[in-house]
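# Analysis of the macromolecular model
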Amino acid sequence: MDLPDTAGDPTGDPVVTEGCSAGPDPLLFLQALQTLWSTRELRQLREEARRGFAALADPRTVLLDVLESSRGWQQKGPSLEAWLTWELAHWLSAQPLPGLAQGSSGLKQLQARAVRVLTESPPGLVEPLVSIFQLQDADRGPLLTHVHRLHQEGKFKEAALLGLKLRLQPLLDVEKMSSPLLLQDRMALAQRYVAGFPDLQRRLLALLDSWCQPGFDIRVVARQFPQVTPLRLERLSPGVLSRQVLSLLERQGLDPALCPHAVAQQRLAALRHLCREHFVEGSWSRENWTEHVQALVGQDEQLQDELRWWLASPDNQAVAAQCALDLSLPETQLPASVATELRRLKLQGRAAEVRSESRRDGYYQLPIASGDIHFLASWEDLARHEEELLQPGQVLAVDLEWRPSFGTGGRPQASILQLAVKGRVFLLDLPVFSRPVGGQVSQAFSRLVSQMLSDPSITKLGYGMSGDLRSLGASCPALAHVEKQLRGSLDLLQMRVADKPALGRGEARGPRGLSLLVQQVLGKPLDKAQQLSNWDRRPLSEGQLVYTAADAYCLLEVYQALCREPARFCLSEDLARSLRPVNSERPEAWELPGLQEASASPWPNTATPGSSQGWPSELSPPSRPGRGSGARGLSQAVWREPVAEKQDTAPEVPVRAFRAVCDSMLHGLARSLRCLGADVLTLGAGEDHRRAAEVARQEGRIILTSGLPYHKARQQAKAVLKHFNVRVTPADIFSRCQEPHLTSAPLCPQACNCDQYLKVSKEMMKQLVWLGSQREVPSSTGDEASPSADLQEAGSAPEEAPESCTHDLPCRWLEAADLQSHAPAVLGNGTRLQLAGVPEGVLQRPGPRPFYCCTGCGKVFWEGSHLGRITAHFREVLEGASRPCRPPPCPVSGTL
């Protein structure tokens with residue numbers, strides 16, 4: 001660092017600061033700092049700097065003198081100038097300087113100089129300079145010019161961050177600033193950029209919505225920003241964007257009418273889902289399907305065209321004609337074959353949907369009379385049964401119903417709360433009891449529910465109760481924290497089911513979730529035909545009343561059957577005592593250990609993780625938030641949110657021995673677990689849980705699936721690790737390769753997932769890069785040598801690991817013998833090293849830090865900053881494990 005000749009203006013004229021007296025000689029102060037910096041005495045350096053700041057007349061002026069007279073801070077790597085800037089910003093935040101008033105000439109002089117420095121500074125100095133010199137209040141002209149220049153140079157992220165820190169957003173074109181960020185998959189930064197500016201938030205949503213138009217080509221936008229290389233344009237498809245837009249609308253509380261194209265895309269996706277379920281899966285009743293389609297399609301011409309396309313399928317003529325009849329579609333809009341079938345139906349009279357008695361007899365029957373089903377739609381109705389619902393010592397089943405939204409809006413509002421006691425079921429009309437928020441009825445209802453759920457003497461039964469209570473809290477704000485008040489509960493979702501699902505009865509899918517549990521315990525499954533009906537309809541149909549009562553009452557009968565005949569289910573005789581409610585904030589996990597031995601495994605000669613590792617055999621996944629759908633009848637473990645508390649007896653599992661397969665909605669969870677060293681595969685788009693079951697059986701993996709998309713991947717990963725008692729150590733982090741890797745296997749594209757690395761010395765990496773690209777690599781010794789000789793010498797392993805390396809993967813050093821003689825950049829197994837991704841700057845940085853190469857895909861890694869972030873994110877997971885001596889900076893780009 002070149003020290004300034006004066007402590008004032010670079011011209012030599014002293015700077016006059018208002019209200020400041022002369023201080024010690026700045027030159028001596030800077031010389032002392034430079035001496036301590038050269039010796040790396042950081043503690044003494046900080047103490048000396050802060051003493052100097054306090055003694056100097058105006059340390060801001062001295063800092064500007066330093067930055068203007070030296071250019072060391074403009075280079076990469078640490079510098080005294082950059083350190084001094086950050087240190088002064090921290091010091092001023094604790095004790096602001098008196099003197100310069102806002103708008104004074106002295107402050108304006110400092111700001112003008114600081115802006116000139118800012119235009120030449122690296123991104124890392126922007127924040128402290130803005131803070132020290134209050135640049136949010138400086139002259140906007142030079143700052144805007146600098147932001148525009150960064151944008152023109154293709155530094156879109158830097159331009160947005162600078163505009164954000166200086167609060168320049170209202171003066172900049174939000175579409176111009178946001179578009180390249182979105183192309184670079186920087187949605188989070190775009191949202192931060194407009195945060196706090198409602199008008200800009202609406203304009204960002206309007207921009208995103210315009211990209212959701214049918215036929216919109218995102219490549220047209222990409223061509224406007226040639227500096228951007230959008231790697232994943234599929235993330236900007238109308239379908240994906242529409243979900244993001246609706247999520248933003250919900251979080252910001254804005255009117256969906258602002259984004260008509262995104263809403264139309266989601267409605268189209270919902271219609272396709274309904275048609276696929278009805279025509280292909282055959283899983284909907286005519287009444288429910290017709291009602292949802294009529295409400296969805298309306299007068300929308302695009303949706304009408306989509307519906308006609310489904311009706312034109314040659315395999316569905318009879319069903320299509322019945323649908324056209326139910327929807328009152330004109331014959332002129334139908335294909336000729338469907339129109340002919342429609343006329344035949346009309347001649348026969350409107351065909352009623354008839355369910356045979358044999359089909360009805362194949363399902364669980366509600367054992368109480370219709371008169372014992374009470375629909376409560378007023379506080380007076382509920383008050384008459386309050387004493388019965390709060391009866392101490394009883395068993396009470398709790399369930400919830402809401403109208404499905406099929407992704408066309410935010411989280412649905414709960415509509416019906418079912419409470420079942422012996423001999424009676426109460427159906428509470430939640431819209432009546434929850435509105436208006438804060439009203440007398442709402443408050444009285446909330447007190448009753450809280451008292452009921454917090455009473456440990458009342459055994460509360462549920463299926464996915466945690467998800468139900470969260471939905472209840474979202475619909476009734478006064479019950480937002482009711483889950484924490486829960487005492488004395490049993491969640492039947494945590495039962496371990498291993499029976500093979502029964503297919504047939506004309507259904508594309510057999511019973512699952514609660515229906516499967518009821519079949520195994522009571523002999524017949526639940527009839528779920530009304531599950532996705534319109535629960536906001538009033539009055540409810542007879543079928544809805546019976547279904548919603550049965551959905552709750554069956555929990556009582558399952559519980560009673562287990563307590564009454566434990567031996568029938570291969571359970572111990574003290575089952576009744578083991579299933580007594582516990583006074584804890586969350587329900588304890590409990591299981592039916594005999595089911596696995598009592599029934600034949602659907603896959604003979606297959607190891608069961610639950611039997612050998614102490615993991616649960618299955619936690620049946622829900623079909624709605626908090627309910628069951630997905631993989632059925634697995635002897636493999638299936639984890640699904642909400643996850644049960646870990647069993648105290650479960651043995652500890654090393655993370656590298658933990659093997660799992662995630663469904664297609666859990667790519668983020670898969671990446672997080674793989675970062676920590678777990679062996680994780682992910683289902684591809686369009687693959688269902690049958691594929692997951694097949695992979696789990698063949699490879700002995702746990703199936704991970706989820707119905708609550710609101711949790712972040714790191715939260716999910718922590719829950720999985722806790723539930724399965726998986727131990728992670730710092731040495732496990734990045735022990736598996738995350739590089740995207742296309743394969744011929746059905747589960748693709750996949751991450752490489754390889755855990756075999758080779759350590760490469762810097763000298764050898766330089767030679768490999770030189771051989772691969774003929775790029776000149778300076779020799780560290782300055783001697784001339786042939787590439788082959790240098791390669792051979794560099795291939796020998798160093799005597800000891802470099803001291804400066806903070807993350808040392810347990811692998812051997814790459815030797816020349818590991819490379820093919822005719823192709824030095826190719827490993828002996830045929831894997832080509834990805835040397836083009838190694839930056840020149842990394843090769844030239846000081847220190848002998850090694851590189852790592854994946855033997856599966858050839859990706860090259862080096863130490864960067866990502867490791868520190870991962871370590872911080874999962875600090876509690878790493879509790880008790882040995883840690884590096886200092887916070888490890890983690891790898892970059894192909895970094896570990």
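Details of the structure are given in the entry above.
Residues numbered from 1 in each chain as written. Predicted model: local features only at pLDDT ≥ 70, side-chain atom pairs only at ≥ 80, totals over all residues. Heavy atoms only, no water.

### What about the overall build of the chain?
A tally of helices and strands in the chain yields 37 helices and 19 strands. Each of the 896 residues in the chain was classed as buried or not, and the buried ones make up 50%. (Helix = DSSP H or I, 4+ residues; strand = E, 2+ residues; numbered from the N terminus. Buried < 20%, exposed > 50% of the residue type's maximum accessible area, 1.4 Å probe, protein only.)

### A few points about the environment of Pro142
Tracing the backbone through its elements, the reader meets Pro142 in helix H7 (residues 140–152). Taking the relative accessible area as the measure of exposure, Pro142 reaches 36% and is therefore partly exposed. The spacing of Pro142 and Val115 is 27 residues in sequence and 7.3 Å in space, taken between C-alpha atoms.

### Notes on the packing of aromatic side chains
Applying the stated criterion across every chain, the model contains 11 aromatic pairs. Residues Phe29 and Phe53 carry aromatic rings whose centres are separated by 6.2 Å and whose planes lie at 65° to one another, so their mutual orientation is edge-to-face. Placement of Phe29 in helix H1 (residues 26–39) and of Phe53 in helix H2 (residues 42–55) is noted, with a sequence separation of 24 residues between them. According to the relative accessible area criterion, Phe29 is buried, its value standing at 8%. Each member of the aromatic cluster is reached from another via a ring pair, and the members are Phe29, Phe53 and Trp91. (Phe/Tyr/Trp six-rings, centres within 6.5 Å; stacked < 30°, edge-to-face > 60°.)

### Structural notes on helix H10 (residues 187–194)
Listing the buried residues of H10 in full gives Met187, Leu189, Ala190, Tyr193 and Val194. Seen end-on, H10 carries its buried residues on one side only, within an arc spanning 160°. Check the buried side of H10 and you find it contacts helix H8 (156–165), helix H9 (174–183), helix H11 (198–210) and helix H13 (238–252). Following H10 by one or two positions, Gly196 adopts a phi angle in the positive range, close to 90°. (Arc of directions from axis to C-beta. Contact = heavy atoms within 4.5 Å.)

### Description of the sheet that holds strand S1 (residues 373–376)
One open sheet accounts for 6 strands, arranged S1-S4-S3-S2-S5-S6; its pairing is mixed. Pairing within the sheet leaves two strands with one partner each, and these edge strands are S1 and strand S6 (489–491). When the angles between neighbouring strand axes are averaged without regard to direction, this sheet yields 20°. By the bridge criterion, 4 bridges tie S1 to strand S4 (residues 424–429) in an arrangement that is parallel. (Pairing = 2+ DSSP bridges. Axes fitted to C-alpha atoms, helices over the stretch in contact; angles between N-to-C directions.)

### Focus on the packing of helix H15 (residues 286–297) against helix H17 (residues 317–327)
Two elements in contact, H15 and H17, have axes separated by 10 Å at closest approach and are oriented at 60°. The angle between H15 and H17 falls in the class oblique. The hand of the H15/H17 crossing is right-handed. Between H15, through Arg286, Trp289, Thr290, Val293 and Gln294, and H17, the contact on the second element is made entirely by Gln322, Cys323, Asp326 and Leu327. (Parallel < 35°, antiparallel > 145°, perpendicular 65-115°, else oblique. Left-handed = near helix turned anticlockwise from the far one by under 90°.)

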